[in-house]
Amino acid sequence: MSSQEEQYDNILLAMAQKHTGGMPDFLRTFAGFLRRRSDFYTGDWEKLIMDILRKEADLAMAEHKEKLQRQEAEAKKREQKERQQKEAREKEMSESKICDITDEEAAQIIKEEEDKKRQKLLEEATAAAGGSAPVAVDEEKSKPIDKVEDDTEKDEVGKLLPNSGNGCTLDKYMWTQTLGEVELKIPFTVTFNLRARDLVVDIQKKTLKVGLKGHEPIINGQLCAEVKVEDSVWVLQDSKTVQITLEKVNKMNWWDRLVMTDPPISTRKINPEPSKLSDLEGETRSLVEKMMYDQRQKEMGLPTSDDRKKMEIMEQFKKQHPELDFSKCKFN
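Residues numbered from 1 in each chain as written. Predicted model: local features only at pLDDT ≥ 70, side-chain atom pairs only at ≥ 80, totals over all residues. Heavy atoms only, no water.

## Some words on the overall build of the chain
What counts is decided by this rule: Helix and strand assignments come from DSSP, with helices taken as H or I runs of at least 4 residues and strands as E runs of at least 2, each series counted from the N terminus. Exposure classes here rest on a 1.4 Å probe applied to the protein chains alone. A residue is buried below 20% of its type maximum, exposed above 50%, and partly exposed in between. Any two residues having at least one pair of non-hydrogen atoms within 4.5 Å are treated as being in contact. Computed by Shrake-Rupley with a 1.4 Å probe, the accessible areas treat only the displayed protein chains as cover when residues are assessed.
Looking only at helices and strands, one finds 8 helices and 8 strands in the chain. Counting all 332 residues of the chain, 26% fall into the buried class. When contacts within the chain are restricted to residue pairs at least 6 apart in sequence, long-range pairs at least 24 apart make up 56% of them. When the accessible surface of the chain is summed, it comes to about 23,300 Å², and 51% of that surface belongs to carbon and sulfur atoms.

## Quick notes on a nonpolar patch on the surface
How we decide: Grouping into patches uses exposed residues only, defined as over 30% relative accessible area, and leaves out salt-bridged ones; the cut-off is 9 Å for like charges and 5 Å for nonpolar side chains (Val, Leu, Ile, Met, Phe, Trp, Tyr). Any carboxyl oxygen of Asp or Glu that lies within 4 Å of a side-chain nitrogen of Lys or Arg is treated as forming a salt bridge with it.
On the surface, Tyr41, Trp45, Ile49, Met50 and Leu53 cluster together to form a nonpolar patch covering roughly 420 Å² of accessible area. The topology assignment puts Met50 in helix 4 (residues 45-96). Take Met50: its relative accessible area is 36%, and that puts it in the partly exposed class.

## So, the side chain of His215
The condition that has to hold: Pairs of N or O atoms within 3.5 Å make up the polar contacts considered here, provided that, within protein, one atom can donate a hydrogen while the other can accept it, and that residues adjacent in sequence are counted only when both atoms are side-chain atoms.
Residue placement: His215 occurs in the loop between strand 5 (207-212) and strand 6 (219-222). Here the side chain of His215 touches Lys213 through a polar contact of 3.0 Å, landing on its backbone oxygen.

## Things to note about the sheet that holds strand 7 (residues 227-237)
Selection criterion: Any two strands between which DSSP finds at least two bridges are classified as paired.
The strand order across the open sheet built from 5 strands is 1-2-3-8-7, with neighbouring strands paired in antiparallel fashion. Either end of the sheet is taken by a strand with one partner, and the two such strands are strand 1 (168-169) and strand 7. Here strand 3 (residues 181-187) pairs with strand 8 (residues 241-248) via 7 bridges, running antiparallel. Looking at the pairing, Pro187 lines up with Thr241 of strand 8.

Right, dumping it as structure tokens:
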């Protein structure tokens with residue numbers, strides 16, 4: 001995606017977040033703008049719209065296809081590496097065997113011995129971890145908020161502070177987020193290299209289950225919000241860490257937890273990509289800052305900048321017309 005395409009992303013995202021009805025309301029606002037401010041609908045507007053949408057749809061499908069191709073390439077690379085390791089072990093056993101056996105028998109013997117060894121290692125690691133899966137996060141855990149300076153934030157006391165990635169760091173895993181996706185990392189403290197077949201990873205639209213086969217899952221519950229299963233992926237990093245990327249369905253809200261059994265974080269303390277805001281200049285930056293301010297005011301039940309401006313205008317009008325009685329009037 002070019003920088004020219006991205007230059008209005010922050011503005012459009014801030015505008016979209018103001019539409020509680022989601023994308024249909026956002027599109028209706030844009031269509032109304034064209035009706036009021038241009039002669040757009042007097043021409044062949046349907047063809048123009050469809051041409052643009054088809055072009056963007058083709059780009060989206062191409063990006064999705066490329067993503068799938070990368071995943072397939074990574075899977076083939078892992079399979080090739082495992083096959084080479086298997087062939088090396090078979091060769092070593094073939095050179096040291098004292099009786100003639102077939103290739104299939106040798107492969108089966110290797111697999112059985114390897115499975116026994118891995119199962120023993122897993123059991124030892126689980127026993128050392130007190131009967132649970134051997135998992136430990138190196139980073140400092142997210143801490144709860146014990147006090148606030150503003151009474152409007154008193155409901156945030158007890159919630160966890162977001163980590164540097166706007167997510168949460170717990171005993172067994174950590175997660176970060178953007179408005180579009182959630183990234184989860186689960187590091188296993190085992191003394192051997194894990195393989196995909198040692199793991200259970202089940203990503204559903206509303207639920208997530210992750211753990212070692214034959215052991216209690218580390219995560220098994222309802223997600224904070226729905227995800228796109230077809231666009232969510234997981235990989236095994238360095239044969240020790242499971243990394244899962246979950247694509248959000250609703251890209252306008254921050255998650256306050258990964259699964260519903262987790263303690264909540266304070267979404268008011270989230271700092272959404274401040275560097276991107278500093279890159280803006282002039283009226284664009286002022287507009288985005290105004291939208292972010294209005295969003296915070298709404299979350300706290302306080303008047304937005306537009307509401308304050310209307311109130312100031314009304315107060316001036318009252319002073320200019322003291323003869324009028326406004327006691328029974330209601331203003332929105």
